[in-house]
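Summary of structural features
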Amino acid sequence: MKLVEINFDGIVGPSHNYAGLSLGNLASASHAGDVSYPRAAALQGVGKMRHNLALGLAQGFFAPLPRPNPALLWSASSMWTANAATVSPAPDTADGRCHLTPANLVTMLHRSQEWPDTARQLALAFADKAHFALHGAVPPCFGDEGAANHMRMAARHDAPGIEIFVYGRTGGAFPARQHEQASRAVARLHGLDPERTLFIEQAPEAIAAGAFHNDVVAVANERVLFTHEQAFADPEGAYAAIRAKLPEAEIVIVPAAAVSLADAIRSYLFNAQLLTLPDGDMGLVIPLEAWENPAVRGWLDGMLAGNGPIRRVLPVDVRQSMANGGGPACLRLRVVADPATVDPRFLLDEAKADRIEATIARLWPEQIDPADLGSETLAATVRAARAGLLDALELGALA
Ligand code: SUG
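Keep in mind it's a predicted model, so treat the numbers as computed, not measured.

On to the overall build of the protein chain. Each helix and strand counted, the protein chain has 13 helices and 15 strands in total. For 399 residues, the compact-globule formula gives about 21 Å, and the C-alpha radius of gyration of the protein chain, at 19 Å, lands near that figure. Taking the principal axes of its C-alpha atoms as reference, the protein chain extends roughly 55 × 45 × 45 Å. Each of the 399 residues in the protein chain was classed as buried or not, and the buried ones make up 58%. Restricting to contacts in the protein chain with at least 6 residues of sequence separation, those with at least 24 account for 77%. Accessible surface for the protein chain amounts to roughly 14,200 Å². Of this, 55% is attributable to carbon and sulfur atoms. Looking at charge distribution, the protein chain has the averaged site of its 32 positive side-chain charges lying 3 Å from that of its 43 negative ones.

Below, the structure written as structure tokens:
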């Protein structure tokens, strides 16, 4: 069995809109009321998936959840699959299966409705019980945001690793969405070895500056942690704990003197996909916004000229998602597994990407004006678009 990292991106739904629903997410707040472009947003997302396919990487996807929810709202926020679940790959767990727990997302009302439909989708994609164990969400008194607050480091994806849960403490200007008790519950459910599990507090100043998830200020891949120096409440303690558990860890720290917390959050430098490329080098898939930020660009140019572990920087255009606070890393859920054990309907190849693109081009609304939200005509268009995609993907079971 060959375990590889598969990135499952959320296809941007036909109701993608800017309603400013996420307190503490500065992009969402600052774009509240803007006209959105669901078709362009979804095509940008497929473009990012194609980019990863072209790099020779395994790529999967999840379908948009049923929207609008007439009793609640229109949000298409399930596109950010880093918040779909926490995933512990087979080499880390007591029973040797890959464990997944859907995130309850209770801190934000518009996101708290996602997990039951997400769980249905996970149950289809990872139905093979010999290789996957699916749990229910953590009870809603404890906020859980899934993989966005969880990092895994290992010598290689298929080797036993350490799992790092990053939680926030409540009491600041913005909500701390990930609660320590939720992280601890997930670690127990997944049967993780306490000797290889860490619980690290996120810096309150990072949350206050707009890092509503840890993946806005840090990302890990295999032996490398790429982090802003103000990501953790006790950075030196965090680095020492990681090095003690994974001696081969390489920690790439971006100092505030080079890239301020504000620039890091505005540009989403760390909301990047840090990927091991087929030739063994690591590449960093960043949003164009990061590439265009002078401080960030200066730091990246210096990094590439040096001898660090990240050898390539790969900018992608996901601007429609970025305007709601979702960069390349938010749009994907990482699952280390043998692709042969995953339901093939959720795996992408070029022909399927063509089919998805054609469906989006035909059925997704070109634009949504905030004044259109609530319109029955638009609701019918949105429902028909999703149904058309499920049909094209033979995923009618999710209808
Ligand atoms: O939960 N935005 C999402 C963005 C999630 C990003 N995910 C990660 N960092 N992993 C959120 O804040 C905005 C929707 C609106 O405002 O209409 C929103 O939900």
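With that out of the way, let us pick up the nonpolar core. Membership of the largest hydrophobic core comes to 78 residues, with the highest contact counts inside it found for F8, F126, F232 and I242. Broken down by element, the residue count for this core peaks at five residues, all from helix α2 (residues 38-54). Excluding residues within four positions of it along the chain, I242 makes contact with M153, I162, I164, L198, I200, L225, A249 and I251.

Here we come to the packing of α2 against helix α12 (residues 350-363). Taken N-terminus to C-terminus, the directions of α2 and α12 make an angle of 170°; their axes are 10 Å apart at the nearest point. In terms of their interaxial angle, α2 and α12 are classed as roughly antiparallel. Side by side, α2 and α12 meet where R39, A42, L43, V46, R50 and L53 of the first sit next to E350, A353, D354, I356, E357, I360 and A361 of the second. Across the contact of α2 with α12, the residue classes tally to eight nonpolar, no polar and five charged.

The rules behind each value
- Throughout, residues of each chain are indexed from 1 in the direction in which the sequence is written.
- With the structure being a predicted model, the display of local features is reserved for residues of pLDDT at least 70 and the display and counting of side-chain atom pairs for 80 or more, all residues being used for whole-chain, interface and lining totals.
- Note that water and hydrogens are dropped before the side-chain values are worked out from all heavy atoms of the structure.
- Every helix listed is a DSSP run of H or I at least four residues long, and every strand listed is a run of E at least two residues long, numbered separately from the N terminus.
- The globule rule is 2.2 Å times the number of residues to the power 0.38, and the radius of gyration it is compared with is taken over C-alpha atoms.
- The rule is simple: take the accessible area with a 1.4 Å probe, protein chains only, and divide by the maximum for that residue type; under 20% is buried, over 50% is exposed, in between is partly exposed.
- Any two residues whose heavy atoms approach within 4.5 Å at even a single point are treated as in contact.
- Calculation of accessible area relied on Shrake-Rupley with a 1.4 Å probe; when residues are assessed, cover is drawn exclusively from the protein chains displayed.
- The charge count treats Lys and Arg as positive and Asp and Glu as negative. His and the chain ends do not count.
- A charge is said to be at NZ when it belongs to Lys, at CZ for Arg, at CG for Asp and at CD for Glu.
- By nonpolar core we mean a set of buried residues, namely Ala, Val, Leu, Ile, Met, Phe, Trp, Tyr and Cys, connected to one another through side-chain atoms within 4.5 Å.
- All axes are obtained by fitting lines to C-alpha atoms, using only the stretch in contact for helices, and the reported angles, taken between N-to-C directions, cover 0 to 180 degrees.
- Should an angle fall under 35 degrees it is taken as roughly parallel, and over 145 as roughly antiparallel, whereas 65 to 115 is taken as roughly perpendicular and any remaining angle as oblique.
- Residues were grouped as follows: Ala, Val, Leu, Ile, Met, Phe, Trp, Tyr, Cys and Pro as nonpolar; Asp, Glu, Lys and Arg as charged; and all remaining residues, including Gly, as polar.

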